[in-house]
Amino acid sequence: MSKLIPPLFTRIYVGMVLALVGSVFLTSSFSDSWYEETEVKDFYADTFAMVTFFRKSWQMQSISAEEYIGAIDLSMSPWDTRWIDGVNTPPCDDCKLMASFDDSEVYQLEEFRYLATFPIPEQGGVLVMYDKDFAVFEKDLRGILEQDPEAAGSQLLYDSEFRDLDEGLLTIVEEDPDVASTLLLFGLMLSAFGAVIYLPARQLQRQIRRLSHTQAKFGQGQLNARADVPRSEPVRQLSSGFNKMADAISRSVEESRVLAQAVPHELRTPLSRIQLANGLLRKQCDKPEQVALLDDIDNYIEDMDQLTHQVLTLFRLNSPDKGSCSQQPDVELAEILDQRLKWFQQTGSLPVRAYIPNLPALGVNPTCFRLLLDNLMSNAQRYGHSQVRLSAETTAQGTQVHVEEDGEGIPETDRELIFIPFSRLDSSRTQATGGLGLGLAIAQAAAHRMGAQLSVSDSELGGARFTIVFKEQTGA
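All residue numbers refer to position in the chain's written sequence, counted from 1. Reporting of local features is limited, given that this is a predicted model, to residues whose pLDDT is at least 70; pairs of side-chain atoms are given and counted only at 80 or more, and all residues count toward the totals for whole chains, interfaces and linings. For side-chain calculations, the full set of non-hydrogen atoms in the structure is used, while hydrogens and water are omitted.

Draft legend 1. Region of the structure containing the state of the cysteines. To count as a disulfide, a pair of cysteine sulfur atoms needs to be within 2.5 Å. Overall, the coordinates contain one disulfide when judged by the stated rule. Cysteine 92 shares a disulfide with cysteine 95; S-S distance 1.6 Å. Between cysteine 92 and cysteine 95, the S-S dihedral sits near 80 degrees, and the bridge is therefore right-handed.

Set out below in structure tokens:
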């Protein structure tokens, strides 16, 4: 589910874009509504002024409104007019009521064309003023101008009231500075809003990315990697906290490294002396019980020497040092599997059955892989009853190597415990029968060093099945 959630900064940037788009949409909607309302009010104010002039004219001439309307020439006007008998007669069929002003009403005939009604109660009718059709008006006006050049001054009326809406933004800006200033202000507002949000978010993203890269280097073993501490919060606090944590971990790792390297080396000196003393005693002791005691001492010395060697091996595998598995070149997985199989078939206490098909080219570090496979095979030889099986296959998850035996198996609740150093599942797995308790821990560390995964499950043979999964080209 978490993979479906986009990263934090992706969500921030998407939110910024959505906020900007929403702001533009809301502003555009509000502007359209405001401009439409303003246009309706302007149309009413202009036509109301014309009707007031008409009313005074027919009153002065003592004629009816209908006679006056029929006599006037409106060919140079952007509006036309007509008289409707009856105050309640609808002015149009498919028009939309936009606003009401006292007794008058303004309707929309089509986009950018309006109609206003002005009731004249004393004459029992309604005076209707409406915008002319643009194409018809333009044609009539050009015809009049061609016949009467002196009427060119009336072109100003045409230019001010009717403008080709397809002339483009530049023409509108040139002819209407108010529109230009509004658009400029709107653009500056969006730019400022975007800059105020985007720039800090972008800076925060870069700081967190640098901190993430430093953390990745530290996790890969570069214990001297430290984060740059910026001046701004909250990354400043995060970087300082990371550096303090890195210092503490580095000190702890260095102390553990010195201890893990020093103790085994210091133990080997007294062990060598004990072994030498034990050898000298053998020359003076010939009784059976004395010889048996000296043999036990030799076994204890061998166990201690093996323990120190395994402790050193485990420490080196778990250390950040990239060269812990030797600097030998990688070898093909199929080749080293065949070599180790032959060795265990010759030296193992149980017969080893193998099924290794043709595997894809995959290079592995020979030292790390030998530590991994040998510990798994030795474990299978120790706990199997009658047979051990080694197999390999290629699946969608990667190249897999399986080591199985027909022993008692490992309970599911204990399958994580067995990879912990010095862990033993029961009393039967003593040092005499169960080794030193470091073999599977070394195998797990070697697999991790190569970038492989080691897991345990039930085998169809009845015992445990250890599986090594290589997802990609490996090495150490």
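There's plenty left to go through after this.
Draft legend 2. Geometry of helix α9 (residues 333–347). Note on conventions: DSSP H or I runs of at least 4 residues are helices, E runs of at least 2 residues are strands, and numbering of each starts at the N terminus. To estimate the expected span of a helix, subtract one from its residue number and multiply by 1.5 Å. For α9, built from 15 residues, the straight-helix expectation of 21 Å at 1.5 Å per residue is met to within 8% by its first-to-last C-alpha distance of 21 Å. Three exposure classes are used, based on accessible area relative to the maximum for each residue type with a 1.4 Å probe and protein chains only: buried under 20%, partly exposed in between, and exposed over 50%. Looking at α9, one finds that the buried residues are Leu333, Ile336, Leu337, Arg340, Leu341 and Phe344. The arc that holds every buried residue of α9, seen down its axis, measures 140 degrees, which confines them to one face. This arc is built from the directions going out from the helix axis to the C-beta atoms.

Draft legend 3. Expanded view of unusual backbone geometry. Look at serine 62: it is not a glycine, yet its phi comes out positive at around 55 degrees. Turning to its location among the elements, serine 62 is positioned in the loop between α1 (8–61) and α2 (65–71). Looking at serine 62, the relative accessible area reads 65%, which means it is exposed. We note that aspartate 102 has phi near 55 degrees; this positive angle belongs to a residue other than glycine. If you trace the backbone, aspartate 102 turns up in the loop between β2 (96–101) and β3 (104–110).

Draft legend 4. Structural view of the sheet that holds strand β11 (residues 453–458). Read from one edge of the open sheet, five strands run β7-β9-β10-β12-β11, paired in mixed fashion. Every interior strand has two partners, whereas the edge strands, β7 (352–355) and β11, have only one. Averaged over all adjacent pairs, the angle separating strand axes in this sheet is 20 degrees, with direction ignored. Judged from the six bridges that link them, β11 and strand β12 (residues 464–470) form a sheet pairing that is antiparallel. Looking at the pairing, aspartate 458 lines up with alanine 464 of β12. With respect to the sheet, helix α10 (residues 366–383) is in contact with β7, β9 (388–395), β10 (398–405), β11 and β12, its orientation differing from that of β10 by roughly 30 degrees. By definition, two strands form a pair when at least two bridges between them are found by DSSP. Orientation is described by lines fitted to C-alpha atoms, with helices fitted over the stretch in contact, and by angles between N-to-C directions that extend from 0 to 180 degrees. Residues count as neighbours in contact if any of their non-hydrogen atoms are within 4.5 Å of one another.

Draft legend 5. Seen up close, the sheet that holds β3. A sheet is described by the order of its strands in space; here five strands give the open sequence β1-β5-β4-β3-β2, paired in antiparallel fashion. Two strands in the sheet have a free side with no partner beyond their single neighbour: β1 (79–85) and β2. Put simply, the sheet's adjacent strands are angled 25 degrees from each other on average, direction ignored. With six bridges connecting them, strand β4 (residues 113–120) and strand β5 (residues 125–131) associate as antiparallel partners. Along β5, the bridge assignment pairs alanine 116 with methionine 129.

Draft legend 6. Highlighting the pairing of β12. The buried fraction of β12 amounts to six of the seven residues, a majority that puts the element mostly inside the structure. Examined bridge by bridge, β10 and β12 share six bridges and lie antiparallel to one another. Bridge pairing in β12 links valine 403 to phenylalanine 466. Between β11 and the antiparallel strand that follows it, β12, lie five residues; glycine 462 among them carries a positive phi value of about 115 degrees.

Draft legend 7. Representation of the packing of aromatic side chains in the model. When the centres of two rings from Phe, Tyr and Trp lie within 6.5 Å, Trp using its six-membered ring, the rings pair. Their planes under 30 degrees apart give stacked, over 60 give edge-to-face, and anything left gives tilted. Evaluated as defined, the whole model comprises twelve aromatic pairs. Where phenylalanine 48 meets phenylalanine 118, the ring centres are 6.3 Å apart and the plane angle is 40 degrees; that geometry is what we call tilted. With phenylalanine 48 in helix α1 and phenylalanine 118 in strand β4, the pair connects residues that are 70 residues apart, well separated along the chain. Note on phenylalanine 48: relative accessible area 41%, which makes it partly exposed. Taking the relative accessible area as the measure of exposure, phenylalanine 118 reaches 4% and is therefore buried. Ring plane angle 40 degrees and centroid distance 6.1 Å describe the contact between phenylalanine 369 and phenylalanine 470, whose orientation is recorded as tilted. Of this pair, phenylalanine 369 sits in helix α10 while phenylalanine 470 sits in strand β12, and the two are 101 residues apart along the sequence. In this pair, the class of phenylalanine 369 matches that of phenylalanine 470, namely buried.

Draft legend 8. Region of interest: the environment of isoleucine 72. Among the secondary structure elements, isoleucine 72 is positioned in the loop between α2 and β1. Sequence separation between isoleucine 72 and phenylalanine 54 is 18 residues; the distance between their C-alpha atoms is 9.5 Å. Those residues in contact with isoleucine 72, other than ones at most four positions away along the chain, are Phe54 and Thr81.

Draft legend 9. Here's a closer look at the packing of helix α8 (residues 288–318) against helix α12 (residues 439–450). Look at α8 against α12: their axes get within 9 Å of each other, and the N-to-C directions meet at 25 degrees. When the axes of α8 and α12 are compared, the pair comes out roughly parallel. The chirality of how α8 crosses α12 is left-handed. On the side of α8, the interface is formed by Gln310, Thr313, Leu314, Arg316, Leu317 and Asn318, while α12 contributes Gly439, Ala441, Ile442, Ala445, Ala446 and Arg449. Gly falls in the polar group here, along with every residue not listed as nonpolar (Ala, Val, Leu, Ile, Met, Phe, Trp, Tyr, Cys, Pro) or charged (Asp, Glu, Lys, Arg). When the residues that make up the contact of α8 with α12 are grouped by side-chain class, the tally is six nonpolar, four polar and two charged. Convention used here: angles under 35 degrees read as roughly parallel, angles over 145 as roughly antiparallel, angles from 65 to 115 as roughly perpendicular, and any remaining angle as oblique. Crossing handedness: left-handed means the near helix sits turned counterclockwise from the far one by under a right angle, and right-handed means the same turn made clockwise.

Draft legend 10. The arrangement of the side chain of asparagine 375 in detail. You can see asparagine 375 is positioned in helix α10. Judged by relative accessible area, which is 17%, asparagine 375 ranks as buried. What qualifies as a polar contact is a pair of N or O atoms within 3.5 Å, subject to a donor-acceptor requirement within protein and to the restriction that residues adjacent in sequence count only when both atoms come from side chains. Looking at asparagine 375, its side chain comes within polar contact range of the main-chain oxygen of leucine 371, at 2.6 Å. Residues within four places of asparagine 375 in sequence aside, it is in contact with Arg370, Gly439, Ile442 and Ala443.

Draft legend 11. Quick look at the nonpolar core. Here, nonpolar core refers to any group of buried Ala, Val, Leu, Ile, Met, Phe, Trp, Tyr and Cys residues whose side-chain atoms link them within 4.5 Å. In this structure, Leu333, Phe369, Leu372, Phe466 and Phe470 are the most contacted members of the largest nonpolar core, which totals 43 residues. The set of elements that each furnish at least two residues to this core consists of α8, α9, α10, β9, β10, α12, β11 and β12. Ranked by residues supplied to this core, first place goes to α12 with eight residues. Phenylalanine 369 has contacts with Leu333, Ile336, Leu337, Val364, Met450 and Phe470, leaving out every residue within four places of it along the chain. Core analysis: the next-biggest nonpolar cluster, separate from the first, contains 21 residues, Phe43, Tyr44, Trp83 and Phe101 among them.

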